[in-house]
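Single-letter residue listing:
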Amino acid sequence: MAFALGNVYAAEELSLLTWSGYAPQNLVDKFQKETGITVKVTNSNNEEMIAKLRATRGAGFDLAQPSQDRISSVQEKYNLYQPIDYSKIQSDLMIDSMLEAVKKSTMVADKAYAVPFCWGTSGLVVNRKFAPNASDYADILNAMYAGRISYRLKRPTLIALAFSMGENPFAKYSDAMAYKALMEKVGEAMIAGKPFVKNYWTNGDALLESMRSGEVHVAMAWDNGGWKLHAENPNIDFVAPRSGALGWIDTFAIPSKAENVDAAYKWINFMMQPENAAVFTNAEKYGTASAGSGQFLDAEIKGNFERCFPMKAIANIKWYPPVPAKLEEIEGLILDKVKAAK
Amino acid sequence: MKKQKRWGLYFFLTPVLLWLFLLIVLPHIDLLIMSFRSETIDGKAIWSPANYLNFFEEPIYWLTFVRTAVYSILVTFLTFVIALPLAFYITKVVAPRFQGFLLVLLLLPFWVSELVRVYGWMILLRESGVINHFMIKLGFLNQPVEMLYRDSTMILGLVYTSMLFMVVPIVSVLESLDNSLIEAAYDLGANMWTILFKIVIPHATPGIVSGSIVVFMLTLGNYLTPNLMGGKNSLWFTEQIYNQFIASFNWNQGSAFGFLLLVLSSLVVWLGLKLTKQNLRKVVQ
Amino acid sequence: MQIDLSVQNVTKRFDEFVAVDHVSFEVPDGQFFSILGPSGCGKTTLLRMIAGLTEPTEGEIEIRGQSMLGIAPNKRPVNLIFQHLALFPMMNVGENIAFGLKRRAESKSAIREKVDVILERVDLAGFGAKKIDQLSGGQKQRVAIARCLVLEPAVLLLDEPLGALDLKLREQMKVELKLLQAKVGTTFVYITHDQSEALVMSDHVAVMNKGVFEQIDSPKNLYNSPQTPFVAQFVGDNNAWSGRIRQCDQDAADVETSEGNVFRTKLREPLQSGDEVDLFLRPEAMLIQPDPSLAELNRFEVIVKDILFDGANSRLLAHPLDADTELLIALPQTRQFDYIRKHDKIEIGWDQKSGICFARS
């Protein structure tokens, strides 16, 4: 009898494919206490999430957390996700406008595929002591900070630099030729600025370590990283760039061959409870899509937003539209060229 | 009796063959097929050699390829140059009771994962790292120097990672080298270098070749070390395969690259065997 | 006569252990000199010091008047033939022999000629292209010798090179080696634990025990007049008694053995009545059933325990009437003694001049 019970208990498992920090241990424990479901967490990023699900054709995970702009095109092409049954979501827990925006951007053949979870921006993280004037993406190519610059060799950097050149890359998403020409221009600028780069970071914690030790003074990174450092060293802070921080929304999406769909919905509703969402935001500093969590947030979190995002900066955030297919290939070649250049 | 024997052979061979077929042959066939597929502009899948043509038409791809091959050969050679005296010291110079201890010492770094080892090097070499700290404390440097993110650092890391795979086979062949051969050569008028090139290396050739094959393959297929220690200029062909699969979602191109790497490594190993007049069977023994 | 090798007071210590203890000897030009001793007596260490592979702790080694101290083995005019020959398996016969010549940077044609000449000399003409593992044991032996002789060393050192061969081949090689040495005239220093090898081949033999030389002499003298009990027992077979001198004069004494026989024996050194002695007697010095007319023989009776038939080297194993001391008695194969059976009682006699007597130390 005990054996059978143990078996049933063990069978209730939620396999979650997400980003590092998105499933804090204390919330995983709390979820298990409330529902009896254990959560198995696999950390990943947008590209690997897609590759993993594509390799198994949508099996192996019950719930994934891709960014909202990376869903519709892969859904059209590889059918990795299943439509969300919004009746199972407690939509009153969410910021309405964000829910609607995500529904709209993940719409494929009249069905929507995602629910918002959190949001954040990419911008600059700057050590004010050494680089008081760094204020836009162009500064990651600036010879003034030679040897003290770090950024990721990934698509957000290309898009950010395009904005800082006064272009609007999102407007060219639909025109592959024009987009390619723009990316080549950005690539040339990156190659010209390559001698000033210290390294291309791949691991967020490693970047924070480089900023903390003073090896890097200007980086393009996520806002929460800057805020974490600001708490330790007031000289370092996130800066919303002049040409606009890049806004992203990470979501919940259910893979097409998920085995435990019920548990997936339970986790979504659990994570959007205001107090749970606040636990996550207080720890990771990301903005949340949960509507009522404001009262549970630390003063520091509110301070971060007030300090770095005055109304004008919020209005200037460039939200990622869905990425059409084929753009990644164009970007990939440019990034390879930058990496290969001396 | 004979029947039983044969039955036993099948019994033990079947899992091996299944394993080889399901986990190695089948995926490679899948990759090979994928490498000859591409998409037209309107998204239709067709057969085409475009992925391979792409490789030759785009200089950064084949330059990276050549760079990876040349550096892998260089790493293999450097590993050999360091490993041979080390193996000689362990087998012929040091007292036998310390031999085991020294080998364990060599093995020790391999008890942690490659990632941890590479981070260890990064802690030592980075601008705010341990070595810089002491160099400044001791007055050898005025300004910290970035020792990471250079090709030389990357080679250092690759040689370090490969060392054991060269030392162990050379140690095992040198153990079978009769000391009196060395003494006889010395007695007949040979100096250290003659003994090295006429006696020790010819005797150790099978071990050197098998060590070199392993080191070369491991270096060629390494992803972590070039990426983390080489920094912004560390282009390695495996990284390009990864980028094709993961960042560009172009599995067809990635498969073609993977196959080219396979062909390259087979070719270099074959050439190496030809040049040293060894055959594979002798070397893997 | 020119002295090729001179070793003076050479000592080698390994920590507390003294392997070679103040050894001195000289080997004149063209001699076949052997060092005979049991394993572990220090003979290999001594040889390695001459070759330069080990440095002596004390003492002087000179070759043709030149001090060898501090000179590396590749610079010494001596060559060593190793116990297992140490032929280079990665080279063929010709390359093995040419190895030392190439180190001297001799011209290619000179090397080829010298290799051919030496191969002919060791009866291996035309073997130059053979691989080492295609050779028989005796051929390998000769290649090893040729590889050293081609360098025309002042002294050739040999470290029990026959040890690995089977008996028949060993017997044959003994003779061959001796003839070869006579033919080339090179000074040989040969070490072995096999007394027959040493006695057959050498002009002079040094018997070594526990790091010291017990006696240096011609093979004949070593056998007939050993200077120490160790030499008496190690070189050739010997029967041994312990006993005490009953009475003695200048060069002969009556010795009472522990089992009660009284033998008259000549003395090598003056001894006192009452001294404890060891008495040695060769098996062939014992006569079986001696003619009663022969006076002056020591006579006693023994019981035959066994007959050890070994052709020309046949022996009787016997013991005295009241003791179980084992005695070896030569049994000439002249058919004269065919009647002797196991458990027979026979009379033995020996001449007092055959006895070898040492004071017990």
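Use the structure listed above.
Reading the values: rules and limits
Residues numbered from 1 in each chain as written. Chains lettered and ligands numbered in written order. Predicted model: local features only at pLDDT ≥ 70, side-chain atom pairs only at ≥ 80, totals over all residues. Heavy atoms only, no water. Helix = DSSP H or I, 4+ residues; strand = E, 2+ residues; numbered from the N terminus. Contact = heavy atoms within 4.5 Å. Areas by Shrake-Rupley, 256 points an atom, 1.4 Å probe, with all protein chains shown as cover. Lys, Arg positive; Asp, Glu negative; His and termini not counted. Charge placed at Lys NZ, Arg CZ, Asp CG, Glu CD. Pairing = 2+ DSSP bridges. Axes fitted to C-alpha atoms, helices over the stretch in contact; angles between N-to-C directions. Buried area = accessible area lost by both parts, 1.4 Å probe. Salt bridge = Lys/Arg side-chain N within 4 Å of Asp/Glu carboxyl O. Polar contact = N/O pair within 3.5 Å; in protein donor to acceptor, adjacent residues only side chain to side chain. Nonpolar A, V, L, I, M, F, W, Y, C, P; charged D, E, K, R; others polar. Core = buried A, V, L, I, M, F, W, Y, C linked by side-chain atoms within 4.5 Å. Buried < 20%, exposed > 50% of the residue type's maximum accessible area, 1.4 Å probe, protein only. Domains from an automatic or database assignment.

Colleague: An account of the overall build of chain C is needed here, citing residue identities and associated values.
Modeller: Counting secondary structure elements, chain C contains eight helices and 20 strands. Overall, the C-alpha framework of chain C stretches about 75 × 45 × 35 Å when taken along its three principal axes. In chain C, of all internal contacts separated by at least 6 residues, the share reaching a separation of at least 24 is 66%. Accessible surface, chain C as shown: approximately 17,000 Å² in total, 47% of it carbon and sulfur. Each charge class in chain C can be summarised by its mean position, and for the 41 positive and 51 negative side chains these summaries are 8 Å apart.

Colleague: Help me get a handle on the sheet that holds strand S1 (residues 13-18) of chain A, residues and values and all.
Modeller: All names here are of chain A. What the three strands build is an open sheet, ordered S2-S1-S3; its pairing is parallel. At either margin of the open sheet sits one strand with a lone partner, and together these are strand S2 (38-43) and strand S3 (63-64). Note: S1 against S2, six bridges, orientation parallel. Counterpart to serine 15 in the pairing with S2 is lysine 40. With respect to the sheet, helix H3 (residues 46-55) is in contact with S1, S2 and S3, its orientation differing from that of S1 by roughly 130 degrees.

Colleague: An account of the interface of chain A and chain B is requested, with residue identities and associated values reported.
Modeller: At the interface, 34 residues of chain A touch 30 residues of chain B. Interface area for chain A against chain B, summed over the two sides, is near 2,700 Å², with a carbon-plus-sulfur share of 50%. Counting the surface chain A buries against chain B, the share from its top three residues, Arg54(A), Asp336(A) and Lys339(A), is 22%. Between the two partners, chain A and chain B, sit five salt bridges. When the shortest N-O distance is used, the salt bridge between Arg148(A) and Glu127(B) registers 2.6 Å. One can count 17 residue pairs in polar contact (both at pLDDT 80 or more) joining chain A with chain B. Looking at which element gives the most residues to the side of chain A that touches chain B, the answer is helix H14 (residues 327-340) of chain A, with eight residues. The residue makeup of the side of chain A that touches chain B, split by class, is eleven nonpolar, six polar and 17 charged.

Colleague: How would you summarise the nonpolar core if you had to cite specific residues and measurements?
Modeller: Judged by nonpolar contacts, the single largest core of 114 residues is most densely connected at Tyr151(A) and Trp267(A). Sort the elements by how many residues they give to this core and helix H10 (residues 261-272) of chain A lands first, with eight residues. Residue contributions to this core reach at least three from each of two domains, namely domain 1 (2-119 + 247-313) and domain 2 (121-246 + 319-340) of chain A. Excluding anything up to four places from it in sequence, Tyr151(A) contacts Ile140(A), Leu141(A), Thr157(A), Met190(A), Val197(A), Asn199(A), Tyr200(A), Trp201(A) and Met220(A). Core analysis: the next-biggest nonpolar cluster, separate from the first, contains 105 residues, Ala184(B), Val7(C), Val78(C) and Ile118(C) among them.

Colleague: Break down the interface of chain B and chain C for me, with residues and values.
Modeller: Taken residue by residue, the interface counts 16 residues in chain B and 22 residues in chain C. Buried surface at the junction of chain B and chain C, both sides included, amounts to about 1,700 Å², of which 68% is carbon and sulfur. For the interface between chain B and chain C, the tally reads one salt bridge. Counting only elements with at least two residues in the side of chain B that touches chain C, the list comes to helix H8 (179-187) and helix H9 (192-220) of chain B. Element by element, the count of residues in the side of chain B that touches chain C is highest for H8(B), at seven residues. Partitioned by chemical class, the residues of the side of chain B that touches chain C number eight nonpolar, five polar and three charged.

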